[in-house]
Amino acid sequence: MQLLLLHLDDALELQSEFVRSCMMAGAHEIREKEIGRDIRLWARQADLDELHRRLARSLRRRQPNLVFMGSGDFHHVSALLLSLALENHSGPATVIHIDNHPDWVHFSGGMHCGSWVNRALAHPQVARVVTLGVCSDDLTSPERKGANLSLLKDERLQLYPYRHAPSRVRAQYGAGTSYEQKSGALHWRCISEMGEQNFIDRLLSTIATEAVYITVDKDVLVSSDALTNWDQGMMQLPYVLDLVTAIGQRHRIIGADVTGDYSRPSYGGSLFTRLLKRGEILIDQPLSTPPQDNIRNINSAANHALLNVLGEAMS
């Protein structure tokens, strides 16, 4: 397993103890903060292609890469890392996506941090994406927020919220593994209702591929376990670690990434682009900023735990 610190913002640099531990463990660093400002929140295809080329030159392709890459505003970079991981794997793979948001919206001309699941499922080697832990209001009226609900039809996307999430979706999709129809609306099968251990057993039974790619956005966690740029979920860190361990015991993890560290937003591009992005975060992201010491200490502790468990599962 190769450990990589991808510096697209200053989030990891603020966690000097975590970075020091990673370097002692043989981590490789890639600094791309300039392009990070251009691609933060969403990016046009030309910028994504350029970052893909730079990552391809830097990643070690003969072994799985574990990548820590800062804010969840960069979660669309996971689609690039997944594509590179699959270049070194000949068969199908399942993507396990642990997140407080489904990241399934339509977005043309590039990728949004909330749209990358579409790109992942467009890859011919991706058999399925399984999204775990969503607690945000994205599931209440997803069709009004641009969700690509057609991904549910053939069950290439399965989604398990952590808690009960009523949906007003009226489209008829029948019944799926992760949802059912009641009175014409979608009702999701939730982790908390099934029971956490029962859900782990259910999850393992639905992964049909030997190979798995894992992506974790720490906004899935309660605020005592992570502090992010986004609204927080209800999962606790020990349960996420249990999920990773269980998957690693049954499957070969061909790559993994972690996002969800807080950083102050900084955008590149034209004035119009910067204004668009700042307007979007005023709508979608919390306005308050936690104290810097809390951010550093809480996120560093979570990163250490994820590094230890993911590293063990990928070894």
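Further up the page is the structure itself.
Residues numbered from 1 in each chain as written. Predicted model: local features only at pLDDT ≥ 70, side-chain atom pairs only at ≥ 80, totals over all residues. Heavy atoms only, no water.

Colleague: Kindly report on the packing of helix α7 (residues 196-206) against helix α8 (residues 237-250), identifying the contributing residues and their values.
Modeller: Viewed as axis vectors pointing N to C, α7 and α8 meet at an angle of 30°, and their least axial separation amounts to 11 Å. Compared by their axis directions, α7 and α8 come out roughly parallel. Judged by the sense of rotation from one axis to the other, the crossing of α7 with α8 is right-handed. Contacts between α7 and α8 involve Glu196, Phe199, Ile200, Leu203 and Leu204 from the former and Tyr239, Asp242, Leu243, Ala246, Ile247 and Arg250 from the latter. Tallied by class, residues from the contact of α7 with α8 come to 8 nonpolar, no polar and 3 charged. (Axes fitted to C-alpha atoms, helices over the stretch in contact; angles between N-to-C directions. Helix = DSSP H or I, 4+ residues; strand = E, 2+ residues; numbered from the N terminus. Parallel < 35°, antiparallel > 145°, perpendicular 65-115°, else oblique. Left-handed = near helix turned anticlockwise from the far one by under 90°. Contact = heavy atoms within 4.5 Å. Nonpolar A, V, L, I, M, F, W, Y, C, P; charged D, E, K, R; others polar.)

Colleague: Any details on the nonpolar core? Residues and values, ideally.
Modeller: Phe68, Ile96, Leu132, Leu203, Ile214, Met235 and Leu310 are the most contacted members of the largest nonpolar core, which has 48 residues in total. Apart from the residues lying within four places of it in its own chain, the contact partners of isoleucine 214 are Ile96, Val244, Ile247, Ile253, Gly255, Ala256, Asp257 and Leu310. (Core = buried A, V, L, I, M, F, W, Y, C linked by side-chain atoms within 4.5 Å. Buried < 20%, exposed > 50% of the residue type's maximum accessible area, 1.4 Å probe, protein only.)

Colleague: How would you sum up unusual backbone geometry? Please name residues and give values.
Modeller: A positive phi angle is found at aspartate 103, which is not glycine, with a value near 55°. Tracing the sequence through the fold places aspartate 103 in the loop between β5 (93-98) and β6 (110-112). If you check the backbone angles, glutamate 155 has positive phi at about 65° while not being a glycine. Looking at the secondary structure, you find glutamate 155 in the loop between β7 (126-132) and β8 (157-160).

Colleague: So what about the side chain of serine 300? Which residues, and what values?
Modeller: Looking at where serine 300 falls in the secondary structure, it is placed in helix α10 (residues 292-314). Those residues within four positions of serine 300 in sequence are excluded, and the remaining contacts are Gln15, Phe18 and Ile295.

Colleague: Kindly report on α8, identifying the contributing residues and their values.
Modeller: Between its first and last C-alpha, α8 extends 21 Å over 14 residues, near the 20 Å set by a 1.5 Å rise per residue. Those residues of α8 that fall on the buried side of the exposure criterion are Leu237, Tyr239, Val240, Leu241, Leu243, Val244, Ala246 and Ile247. Considering only its buried residues, α8 is in contact with β5, β7, α6 (191-194), α7, β11 (211-217) and α10. (Expected span 1.5 Å × (residues − 1).)

Colleague: Tell me about the pairing of strand β4 (residues 65-68), and please be specific about residues and values.
Modeller: Of the two faces of β4, both are covered, the one formed by Asn65 and Val67 as well as the one formed by Leu66 and Phe68. Alignment of strand β1 (residues 2-7) against β4, held across 4 bridges, turns out to be parallel. Bridge assignment links glutamine 2 to a residue of β4, and that residue is asparagine 65. For β4 and strand β12 (residues 252-259), the ladder comprises 4 bridges, and the chain directions are parallel. Paired with asparagine 65 across the strands is glycine 255, a residue of β12. (Pairing = 2+ DSSP bridges.)

Colleague: Could you give me a rundown of the state of the cysteines, with the residues and numbers involved?
Modeller: Enumeration according to the criterion identifies 0 disulfides in this entry. In this structure cysteine 135 is a free cysteine whose sulfur lies 8.5 Å from that of cysteine 190, the closest cysteine sulfur available. With relative accessibility at 1%, the residue cysteine 190 sits in the buried group. (Disulfide = S-S within 2.5 Å.)

Nothing here speaks to function; it is all geometry.
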